[in-house]
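# Observations on the three-dimensional arrangement
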Amino acid sequence: LGADLLGMNVALVEKMESLGGTCLNVGCNPSKAMLDSAGHFHDLGHSFADHGITVKSAAVDIKTMIERKASVVKKLTDGVAGLIKGRKVSRFGGTGIIKPGKDGLHIVEIHENPQPVWEKSSGGLDQKDHPSDADLAAGEPAERISAAKVLLATGSLPVELPFMPFDGSAIISSTGALSLPEIPKSMVIIGAGAIGLEMAQVWASLGTEVTVVEMMKQILPGWDSQIAKTMVREFKSLGVKIITDNSVTEAKVLKSGVKLTLAREPGELKAEKVLVAVGRKANLSSAGIHEAGISLSADSRRIAVDEDYQTSLPGVYAIGDLVPGPMLAHKAEDEAVVCVERMNGIPAHLDYEAIPGVVYTHPEGATVGKSEEALKAEGVEYNKGNFPLAANGRALALGSAGGFVKILADKKTDRILGAHIVAPWASDLIAEIVAVIEMKGSAEDIARIVHAHPTLPEAVKEAALGVHGRSIHSLR
């Protein structure tokens, strides 16, 4: 869409029936729909009584919940399709494969039978396999198009553990976890990143006995440790069991579920379902990337690109999960905009230090910039403002005062180096700080902004005041 706005003649090749990729179809947006539905049910049975609201009985209609999620997805994907049509972008259904062209043009072959192979079972819908480029290229393409510039945005795929492949029934990926036809009695989630924790929130809120296993020493590896510790407390109150510094070494599928062997105590776990959420990998097996000879990064996990996002093949560009950086939809979206602007000679940029990360649990966790651990490791001197939500009137009114807002600023310049939040709508609260970081602003800049009362954003102001020991509503 950005390329169209700049006057380029644009063609879009997509293998899925609906547009929007992983994020809109089986990732970001459907998971948030499920989180909201599950959160309502949990609040009905746990916090409504505090408000004087008594419900004698409540039940979950998982079919209706899944249908609602699907309707949200359809509205979003239909909206994207409408934009594509309205902007007169040429849309081609199928898998595109790059082929050498002439006179500075690249050929993209569009092959039919583009859909991934999906497996339906009692465990829901799960992605089992993708047709390989070799299989597709063996046949005659349905169409060929040529272009001076090609942008690769094939995204990423769930990482599969070699000793426990996805079967769409007992062992599932996040895709399958969003479409389970029944609420499982028990579930083990391997991996405590954002995806694993969000799915833990969904199913624990609906009554599933959930255990999360993380091989690193803290959940949300790489995040600020205060967020991780606060989240552990919140998840324990939800009834989720969290095991860190441990790993699964073996899995055996039984009639009653799955038996897992762990490297350390407790040594063994059993569950009806196992969700593998150990991360995602760049989808390098698509679009003829290897066959075209496009150079990869030093670790061979991503595509190597220059500052314009151009690959080693002149005129071919790559963005999003295919290139180094966090695998986040908003990062990919902004990279795409910067990439097409640079194609047109516009000196656009993207500040990678100002890209927020969010885990959409209840409460949410949000982060941007450096963690305290990273600043200490780099020997950077900093001041810290840390404001507890227990001192925020709006958080108390919401019944969610267990979080905090922390701002880290350079000791000499007061420039904000990082911020970390656990709070309701932390995904919204972080935006103000991201904007100040992007503008190379300071903690004092936020401290001087008038914030409405009573609101959650007041906690951001208080944390900014706290950087220099001036927090008004906290003794910390």
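Here we come to the overall build of the protein chain. Each helix and strand in the protein chain was counted, giving 14 helices and 24 strands. Against the compact-globule benchmark of 23 Å for 476 residues, the protein chain has a radius of gyration of 24 Å, which places it among compact chains. Counting only C-alpha atoms and orienting by the principal axes, one finds that the protein chain spans roughly 70 × 60 × 45 Å. Counting the 476 residues in the protein chain, one finds 47% classified as buried. Long-range contacts, defined as pairs at least 24 residues apart, comprise 64% of the intrachain contacts of the protein chain with a sequence gap of at least 6. Across the protein chain, 49 positive and 58 negative side-chain charges occur, with their mean positions spaced 3 Å apart.

The next point concerns the nonpolar core. By size, the foremost hydrophobic cluster in this structure holds 37 residues, and its most contacted members are Ile-189 and Trp-203. Look past the residues within four positions of Trp-203 in its chain and what remains in contact with it is Met-34, Ile-62, Ala-177, Leu-180, Glu-182, Ile-183, Pro-184, Met-187, Thr-208 and Val-210. In terms of nonpolar packing, the next biggest core, distinct from the first, is built from 31 residues, Val-358, Ile-433, Ala-443 and Ala-463 among them.

Between its terminal C-alpha atoms helix α7 (residues 194–205) stretches 16 Å, which fits the 16 Å expected from 12 residues at 1.5 Å a residue. Counting buried residues in α7 gives 10 out of 12 residues, a clear majority hidden from the surface. By the burial criterion, the buried members of α7 are Gly-196, Leu-197, Glu-198, Met-199, Ala-200, Gln-201, Val-202, Trp-203, Ala-204 and Ser-205.

Turning our attention to the environment of Glu-438. Relative to the elements of secondary structure, Glu-438 occurs in helix α12 (residues 426–438). Residues Glu-438 and Leu-465, spaced 27 residues apart in sequence, show a C-alpha to C-alpha distance of 20 Å. Excluding its chain neighbours within four sequence positions, the residues that come into contact with Glu-438 are His-349, Asp-351 and Ala-354.

Conventions adopted
Residues numbered from 1 in each chain as written. Predicted model: local features only at pLDDT ≥ 70, side-chain atom pairs only at ≥ 80, totals over all residues. Heavy atoms only, no water. Helix = DSSP H or I, 4+ residues; strand = E, 2+ residues; numbered from the N terminus. Rg over C-alpha atoms; globule rule 2.2 N^0.38 Å. Buried < 20%, exposed > 50% of the residue type's maximum accessible area, 1.4 Å probe, protein only. Contact = heavy atoms within 4.5 Å. Lys, Arg positive; Asp, Glu negative; His and termini not counted. Charge placed at Lys NZ, Arg CZ, Asp CG, Glu CD. Core = buried A, V, L, I, M, F, W, Y, C linked by side-chain atoms within 4.5 Å. Expected span 1.5 Å × (residues − 1).

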